[in-house]
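This is what each chain is made of:
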Amino acid sequence: MEYVYAALILNESGEEINEDNLTDVLDAAGVDVEESRVKALVAALEDVDIDEAVADAAAVPAAGGAAGAGAAEEAGDDEDDEVEETSDVPDTTDDDDEDDEASGEGLGELFG
């Protein structure tokens with residue numbers, strides 16, 4: 001993450017994101033710089049508009065949060081109506097021993 005943060009600092013300060021500048025920022029932060037990671041990051045950011053990418057990333061959670069608040073507000077308006085909560089998680093309250101053994105076998109296969 002330090003490498004990305006260094007690139008963001010350079011972008012914010014108006015400096016060119018190149019190997020030398022990125023290395024200087026990382027050195028100043030006390031990071032042990034790996035030249036291959038610096039080269040890879042500079043190459044990956046070559047055609048990226050960082051300001052636009054940051055704005056897009058910041059907009060996604062805000063939109064999801066606004067939709068969640070709107071749904072909660074609608075549920076609060078209908079106090080007399082019962083609201084049934086649903087979940088994508090399967091109900092595991094059944095106490096069958098056979099199901100427990102099958103679950104254990106599945107985990108065994110998954111983890112070797």
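Our subject is the structure listed above.
Now for a look at the structure at hand. This is a predicted model, so every value here is computed, not measured. (Residues numbered from 1 in each chain as written. Predicted model: local features only at pLDDT ≥ 70, side-chain atom pairs only at ≥ 80, totals over all residues. Heavy atoms only, no water.)

Digging into helix 3 (residues 35-44)
Item 1. If you check which residues of helix 3 are buried, you get Val38, Leu41 and Val42. Angular distribution of buried residues about the axis of helix 3 spans 100 degrees; they occupy a single face of the element. Turned more than 90 degrees away from the buried face of helix 3, the exposed residues are Ser36 and Ala44.
Item 2. Against helix 1 (2-12) and helix 2 (19-28) lie the buried residues of helix 3. (Buried < 20%, exposed > 50% of the residue type's maximum accessible area, 1.4 Å probe, protein only. Helix = DSSP H or I, 4+ residues; strand = E, 2+ residues; numbered from the N terminus. Arc of directions from axis to C-beta. Contact = heavy atoms within 4.5 Å.)

Considerations on the pattern of salt bridges
Item 1. Enumeration according to the criterion identifies 1 salt bridge in this entry.
Item 2. Across the salt bridge formed by Glu35 and Lys39, the nearest N and O atoms sit 3.3 Å from each other. In this pair, Glu35 and Lys39 are both assigned in helix 3, 4 residues apart and thus about one turn of the helix distant.
Item 3. A relative accessible area of 39% places Lys39 in the partly exposed class. (Salt bridge = Lys/Arg side-chain N within 4 Å of Asp/Glu carboxyl O.)

Here's the deal with a nonpolar patch on the surface
Item 1. A contiguous nonpolar surface patch, about 470 Å² in accessible area, is contributed by Met1, Val4, Tyr5, Leu8 and Val54.
Item 2. In terms of residue count, the dominant contributor to the nonpolar patch is helix 1 (3 residues).
Item 3. When you line up the elements, Val54 lands in helix 4 (residues 50-77).
Item 4. With a relative accessible area of 45%, Val54 lands in the partly exposed category. (Patch = residues over 30% accessible without salt bridge, like charges linked within 9 Å, V, L, I, M, F, W, Y side chains within 5 Å. Areas by Shrake-Rupley, 256 points an atom, 1.4 Å probe, with all protein chains shown as cover.)

Digging into the packing of helix 1 against helix 2
Item 1. Orientation of helix 1 relative to helix 2, taken along the N-to-C sense of each, is 115 degrees, at an axis distance of 9 Å. With respect to their mutual orientation, helix 1 and helix 2 come out roughly perpendicular. Crossing angle aside, the handedness with which helix 1 passes helix 2 is right-handed. In this structure, helix 1 uses Glu2, Tyr3, Ala6, Ala7, Ile9 and Leu10 to contact helix 2, whose residues at the interface are Asn21, Leu22, Val25 and Leu26. (Axes fitted to C-alpha atoms, helices over the stretch in contact; angles between N-to-C directions. Parallel < 35°, antiparallel > 145°, perpendicular 65-115°, else oblique. Left-handed = near helix turned anticlockwise from the far one by under 90°.)

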